[in-house]
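If you want the building blocks of each chain, they are given just below.
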Amino acid sequence: MRFLFVCLSLVALAGCVQPYDGPMTTRAATPTVTLPDQSYDARSDGVHRIAAVPTEQVDTQFLRQVVTIRTEEEPGTIIIDTAARHLFYILDDRHAIRYGIGVGRDGFAWSGVAEVRGVGRWPTWTPPPEMIRRQPELARWADGQPGGPTNPLGARAIYLTENGVDRGYRIHGTPEWRSIGQAASSGCIRMFNQDVIDLAARVERGAKVIVR
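In what follows, the accompanying structure is described.

Analysis parameters
- Residues numbered from 1 in each chain as written.
- Predicted model: local features only at pLDDT ≥ 70, side-chain atom pairs only at ≥ 80, totals over all residues.
- Heavy atoms only, no water.
- Helix = DSSP H or I, 4+ residues; strand = E, 2+ residues; numbered from the N terminus.
- Buried < 20%, exposed > 50% of the residue type's maximum accessible area, 1.4 Å probe, protein only.
- Contact = heavy atoms within 4.5 Å.
- Areas by Shrake-Rupley, 256 points an atom, 1.4 Å probe, with all protein chains shown as cover.
- Polar contact = N/O pair within 3.5 Å; in protein donor to acceptor, adjacent residues only side chain to side chain.
- Pairing = 2+ DSSP bridges.
- Salt bridge = Lys/Arg side-chain N within 4 Å of Asp/Glu carboxyl O.
- Core = buried A, V, L, I, M, F, W, Y, C linked by side-chain atoms within 4.5 Å.

Topic: the overall build of the chain
When helices and strands are tallied, the chain shows three helices and 14 strands. Relative to its full complement of 212 residues, the chain shows a buried share of 52%. Across the chain, contacts joining residues at least 24 apart in sequence account for 70% of those joining residues at least 6 apart. As displayed, the chain has an accessible area near 10,100 Å², and 50% of this comes from carbon and sulfur atoms.

Section: the side chain of Arg167
Mapped onto the secondary structure, Arg167 falls in the loop between β10 (156-161) and β11 (170-174). For Arg167, a relative accessible area of 19% translates into the label buried. Within the structure, Arg167 has its side chain in polar contact with the side chain of Glu162 (distance 3.1 Å).

Brief notes about the pairing of β11
Of all five residues that make up β11, five are buried, and the element is covered over most of its length. Looking at chain direction, β11 and strand β13 (residues 189-192) are connected through four bridges and run parallel. Bridged to Thr174 within β13 is Phe192.

Focus on the pattern of salt bridges
Opposite charge on two side chains allows them to pair when their charged atoms are near. As enumerated under the stated definition, the model contains nine salt bridges in all. A salt bridge links Asp195 to Arg64; the nearest nitrogen and oxygen atoms lie 2.2 Å apart. Of the two residues, Asp195 sits in helix α3 (residues 193-202) while Arg64 sits in the loop between β3 (49-50) and β4 (65-69), which places them 131 residues apart along the sequence. Residue Asp195 shares its accessibility class with Arg64, and that shared class is buried. A salt bridge links Glu73 to Lys208, with the shortest nitrogen-to-oxygen separation between them at 3.2 Å.

Some points on the pairing of strand β5 (residues 78-81)
Every second residue of β5 is oriented toward a common face, with Ile78 and Ile80 on one face and Ile79 and Asp81 on the other, all of them buried. Bridge count for β5 against strand β6 (residues 86-90) is four bridges, and the pairing is antiparallel. Note that in β6 the partner of Ile78 across the bridge is Tyr89. In this structure, the hairpin formed by β5 and β6 is closed by a connection of four residues, where Arg85 is found at a positive phi of approximately 65 degrees. In this structure, β5 lies alongside strand β14 (residues 208-211), joined through three bridges in parallel fashion. Within β14, the position partnered with Ile79 by the bridge is Ile210.

Re the environment of Leu91
Among the secondary structure elements, Leu91 is positioned in the loop between β6 and β7 (95-100). A sequence separation of 25 residues divides Leu91 from Val66, and the C-alpha atoms of the two residues are 9.2 Å apart.

Topic: α3
For α3, a buried count of eight out of 10 residues is recorded, marking the element as mostly surrounded by other parts of the structure. Within α3, the full set of buried residues consists of Asn193, Gln194, Asp195, Val196, Ile197, Asp198, Leu199 and Ala200.

Quick word on the nonpolar core
In this structure, Ile78, Ile80, Leu87, Ile171 and Leu199 are the most contacted members of the largest nonpolar core, which totals 25 residues. Broken down by secondary-structure element, the contributors of at least two residues to this core are β5, β6, β7, β9 (112-121), β10, β13, α3 and β14. Per-element accounting of this core gives the leading share, three residues, to α3.

What follows is the structure, encoded as structure tokens:
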């Protein structure tokens, strides 16, 4: 899969749809709503071993947790707040799972409404020609870097389309855990590998994705 982060794509996604601007407030969830697994320990998913995230070095707001939320969006919707560096998976009209994310750096940020096309497990990453020109050492992956612990797409990639068109945007894992909470990507939404595995197991094909 190729990253196609050109300006035309950014304008197309941001200009063809209206960004979500509805009410959304959050606070800690009631004790009755819990997550089955909040661990960021090292683990294997049967294909590759995933490194632990040193949570003591991470701002707690970027760790996976259930929060209360006020929204009219349907359960299963994903809302991404790029300014706050948070992704919300809506559970019902009062609760969501909140994940920390890394977002696009200046010049690569995007907003709009898309939908989930599918999920890739340990996806292949192919750097686009413009990236290879900037970083010639990436030429070794011109035909694609196989999925694995050092692959920039991490353990899972959630592929997004807008009106059925794949513009190269992804929600994906990353081996660079320090980038979560930062504006560091080329337009995609990064997550801890443990978090993207959790989200990928929940999200359904066709789910609405709102990027603010």
